[in-house]
Amino acid sequence: MSATEITTATRNASAVAPRGAKPKNPFAPRNIMLYGTLIIFSIYYLLPLYVMLVTSLKGMAEIRVGNVFSPPVEITFQPWVKAWSEACTGINCDGLSRGFWNSVRILIPSLILSVSVAALTGYVLACWRFKGSEIFFGILLLGAFIPYQVLLYPLVIILRELGLFGSLWGLVLVHTVFAMPINVLLFRNYFVALPEELFKAARVDGAGFWGIFFRIVVPMSLPIFVVSGIIQVTGIWNDFLFGVVYTRPENYPMTVQLNNIVNSVQGVKEYNVNMAATLLTGLVPLVVYFFSGRLFVRGIAAGAVKG
Amino acid sequence: MTHSIEIKELKLSFGAVTVLEDLNLQVGQGEFLVLLGSSGCGKSTLLNCIAGLLDITDGEIHIQGRNVTWEEPSQRGIGMVFQSYALYPQMTVEGNLTFGLKNARVPKDEIAKRIARAAEVLQIEPLLKRKPGALSGGQRQRVAIGRALVRDVDVFLFDEPLSNLDAKLRADLRVEIKRLHQTLKNTMIYVTHDQVEAMTLADRIAIMKGGQIMQLAPPSEIYNRPVNKYVAGFIGSPAMNFMEGQLDSTAQRFDTGRGLDFSVQGYEFASAPTSGPVWLGLRPEHIQSGRWAEGQPVQLEALVDMVEPMGSDTQVWAKVNGQDLRFRMDGQEAVAIGDRMPIGFDPARLSLFDKTTEKRL
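Fair warning: this is a prediction, and the values are worked out from it, not measured in the lab.

Rules and cut-offs
- Residues numbered from 1 in each chain as written.
- Chains lettered and ligands numbered in written order.
- Predicted model: local features only at pLDDT ≥ 70, side-chain atom pairs only at ≥ 80, totals over all residues.
- Helix = DSSP H or I, 4+ residues; strand = E, 2+ residues; numbered from the N terminus.
- Buried ≥ 20, exposed ≤ 12 C-beta atoms within 10 Å, placed from the backbone.
- Contact = placed C-beta atoms within 7 Å.
- Axes fitted to C-alpha atoms, helices over the stretch in contact; angles between N-to-C directions.
- Left-handed = near helix turned anticlockwise from the far one by under 90°.
- Nonpolar A, V, L, I, M, F, W, Y, C, P; charged D, E, K, R; others polar.
- Pairing = 2+ DSSP bridges.
- Core = buried A, V, L, I, M, F, W, Y, C linked by C-beta atoms within 7 Å.
- Domains from an automatic or database assignment.
- Expected span 1.5 Å × (residues − 1).
- Bend = angle between axes of the 7 residues up to and from the residue.

Glancing now at the overall build of chain A. When you go through chain A residue by residue, the secondary structure sums to 14 helices and zero strands. By principal-axis analysis of the C-alpha atoms, chain A measures approximately 105 × 75 × 30 Å. Burial status across chain A gives 32% buried among its 307 residues. Here the contacts in chain A between residues at least 6 apart in sequence split such that 75% fall between residues at least 24 apart.

If you want it as structure tokens, here you go:
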């Protein structure tokens, strides 16, 4: 056997012998299943969005041709302008902008109030247990299982007695109350998982109820605040039922107004305007998800595992 | 003011469960007291009561002559160090050290002075601007000690401060804590389950079990004259050998009743010598073997059962007339399973406990 033969033999052997990183097969059944499912679900969710986007950018003439999937030949932003500032609901013809600003005026106080009250309640339930605090928490959680419809009318009466019925603050109050069960649960479980010795150390350091909350607990709990914030933004923004029941037409949130635009029966159905209006309405939660999705997942995981 | 800390008839119960009952304790000025016990014995609970982190059910707590029973932890004049360090993760080291001082509205220049002093004592100056997450375990615990230090208090409370560290760091920091105590001369109460920490650090050790203090004494007395069988078995590693048997009517001879008997002449009885059923305790390190057994007042022959070489010394499990006995011998001596070797000990080093009360005789 010559020297060359030996080296070849060794090289061949080393090529076969398992060594180093294990080779990966991109077409393994597992990968096909995984990515296949992901692709199918992506299409399932993205296709309607695509159709909406395309339709909203077409003129009515193009829509009448009937091919919903074809991209617009002539891109027009007219439907968006009309949806935002000209579409009619009843006697008002100033488009969705009115509803948008109503929703903003409902969202901001509801968000601040519900998240802060829930955080504080969770903090008390986790760190300053009192006699019956567990029972209180149980009752609070029960609230999550009561259907809204049952409470609609009693709440109308309560708001009437409080003199808040039909006002924006009445709706803010309703949103805050309904946010409690799930958000208190989130905050409490997150705070319970914080090391107990931190509270002890803070007490030795002379921090009181508020000092511990604002200087120790809140700075450590950004993820759960983001989670609660996202849940509240989307929940309040997408709410239709409370908006239509507890406010007057001049305070209707965007969702109610969207419904009124899309469901108006006079004249031609302007699909492009409807699509544009729907996209505009969905824009806020969409943007929130895009910018905080990662924090959201982290917070959910942290809140869910420990409890 | 003779006592730094005085606890009178302390009682703590959660609902129907009583954790501490009728507990009295006095700690002298500048004393280093270690609360030692296995988990669940109430040692950490007692420390939390002293700190004011737990509301007590009954009794009084005095710190530096002041009745602090109803005071908040921050007003008791204590600093506390926790097992998990409990540093505020979002603050820098400096922020951690100043948090308590800012809460107490200490003037700025005074804060700076105290931080500088604590940083110097603990050698954490280079770490002041860092967050706790960027520190190693030993550094974190140093900062935690610093946080207690800057409070400028008379009493330090340590709640198993070294339990989260690895063995080498633990030994290093143990020495540092001892040095710190020698420099500062503060009163310190230190909770641990580690008997080495307790023996090395303490001026006095309080051994606790079931919410009660079994023995409160200097380390050497705890080691040499344990008041009961529990303390005797708890202190010392490897643990003390115990033999069941009878003391004869003269209280001079011990007999297991299974073929082993020897004289206990020379044993110092705590009270008048009594006969009857007893537990006899003998520390493994007090048994001499091989040629060192010669000249010991009691001499026996052991059959080697098992050998655990540790380098510096060797632990031997042996049988003596049917009685299991563990002893220690020089690590350089050769020994094998099945060997027969002479052993001997001095009855003055024994501990005898009453069979039923398990109290020292």
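Helix and strand counts for chain B stand at eight helices and 20 strands. Along the first, second and third principal axes, the C-alpha atoms of chain B reach 75 × 45 × 35 Å. Put simply, of all contacts in chain B between residues at least 6 apart along the chain, 65% involve residues at least 24 apart.

Before going further, it helps to examine the packing of helix α5 (residues 97-127) of chain A against helix α11 (residues 222-238) of chain A. Residue and element names in this part refer to chain A. In the contact formed by α5 and α11, the axes pass within 9 Å of each other and the chain directions differ by 145 degrees. Crossing hand, α5 versus α11: right-handed. Residues Ser 103, Ile 106, Leu 107, Ser 110, Leu 111, Ser 114, Val 115 and Ala 118 of α5 form the contact with α11, whose participating residues are Phe 225, Ser 228, Gly 229, Gln 232, Val 233, Ile 236 and Trp 237. Residues of the contact of α5 with α11, tallied by class, amount to nine nonpolar, six polar and no charged.

Residues and elements named next belong to chain B. Pairing within the open sheet is mixed, and its six strands lie in the order β6-β7-β8-β3-β9-β10. Taken across any chain shown, the strands that pair with only one partner, and hence form the sheet edges, are β6 (78-81) and β10 (212-217). Averaged over all neighbouring strand pairs, the angle between strand axes comes to 20 degrees, with direction disregarded. Pairing analysis gives five bridges linking strand β7 (residues 155-159) to strand β8 (residues 187-192), with the strands arranged parallel. Each bridged residue has a counterpart across the sheet, and for Phe 156 the counterpart in β8 is Met 188. The strands touched by helix α4 (residues 137-149) within the sheet are β6 and β7, with β6 carrying the most contacts at an inclination of about 170 degrees.

Another aspect to go through is the nonpolar core. Core analysis: the largest hydrophobic core is formed by 142 residues, its most contacted members being Leu 35 and Leu 157 of chain B. In terms of residue count, helix α8 (residues 168-192) of chain A provides more of this core than any other element does, twelve residues in total. Once residues within four sequence positions are removed from consideration, Leu 157 of chain B is found in contact with Leu 47, Ile 50, Ala 51, Ile 78, Met 80 and Ile 189 of chain B. By size, the runner-up hydrophobic cluster in this structure holds twelve residues, among which are Trp 80, Ala 87, Leu 258 and Val 273 of chain A.

A separate point is the domain arrangement of chain B. Residues and elements named next belong to chain B. We note that the domain assignment places domain 1 (3-233) and domain 2 (240-354) within chain B. Taken together, the five residues of domain 1 in the interface contact five residues of domain 2. Class assignment of the residues belonging to the side of domain 1 that touches domain 2 gives a composition of two nonpolar, two polar and one charged.

All names here are of chain A. Its 15 residues place the ends of helix α7 (residues 148-162) 20 Å apart at the C-alpha level, agreeing with the 21 Å of an ideal helix rising 1.5 Å per residue. The largest bend along α7 reaches roughly 30 degrees and is located at Pro 154. Immediately beyond the C-terminal end of α7, within one or two residues, lies Gly 163, with a positive phi of roughly 75 degrees.

In this section: the sheet that holds strand β18 (residues 323-330) of chain B. Residues and elements named next belong to chain B. Pairing in this open sheet of five strands is antiparallel, and the strands run β15-β19-β16-β17-β18 from one edge to the other. Two strands close off the open sheet at either side, each with one partner strand: β15 (288-289) and β18. As judged from the two bridges shared by β15 and strand β19 (residues 340-345), these two strands associate in the antiparallel manner. Residue pairing for β19: Gln 288 is matched across the bridge by Gly 344.

Attention shifts here to the interface of chain A and chain B. Size of an interface: often given as the accessible area lost when the parts come together. Facing the 14 residues of chain A at the interface are 16 residues of chain B. Listing elements by their share of the side of chain A that touches chain B, those giving two or more residues are α9 (196-204) and α10 (209-220) of chain A. With six residues, α9 of chain A is the single largest residue contributor to the side of chain A that touches chain B. The class makeup of the residues in the side of chain A that touches chain B is eight nonpolar, two polar and four charged.

The next thing to look at is the pairing of β18 of chain B. As judged from the eight bridges shared by strand β17 (residues 313-320) of chain B and β18 of chain B, these two strands associate in the antiparallel manner. Bridge pairing in β18 of chain B places Val 316 of chain B opposite Phe 327 of chain B.

All names here are of chain A. Each domain of chain A was delimited in the assignment, giving domain 1 (22-76) and domain 2 (97-305). Relative placement of domain 1 and domain 2: their C-alpha centres are 32 Å apart. On the domain 2 side, the residues contacting the seven residues of domain 1 number seven residues. The dominant element in the side of domain 1 that touches domain 2, judged by the number of residues it contributes, is helix α2 (residues 29-56), at four residues. Its residues assigned to classes, the side of domain 1 that touches domain 2 shows four nonpolar, two polar and one charged.

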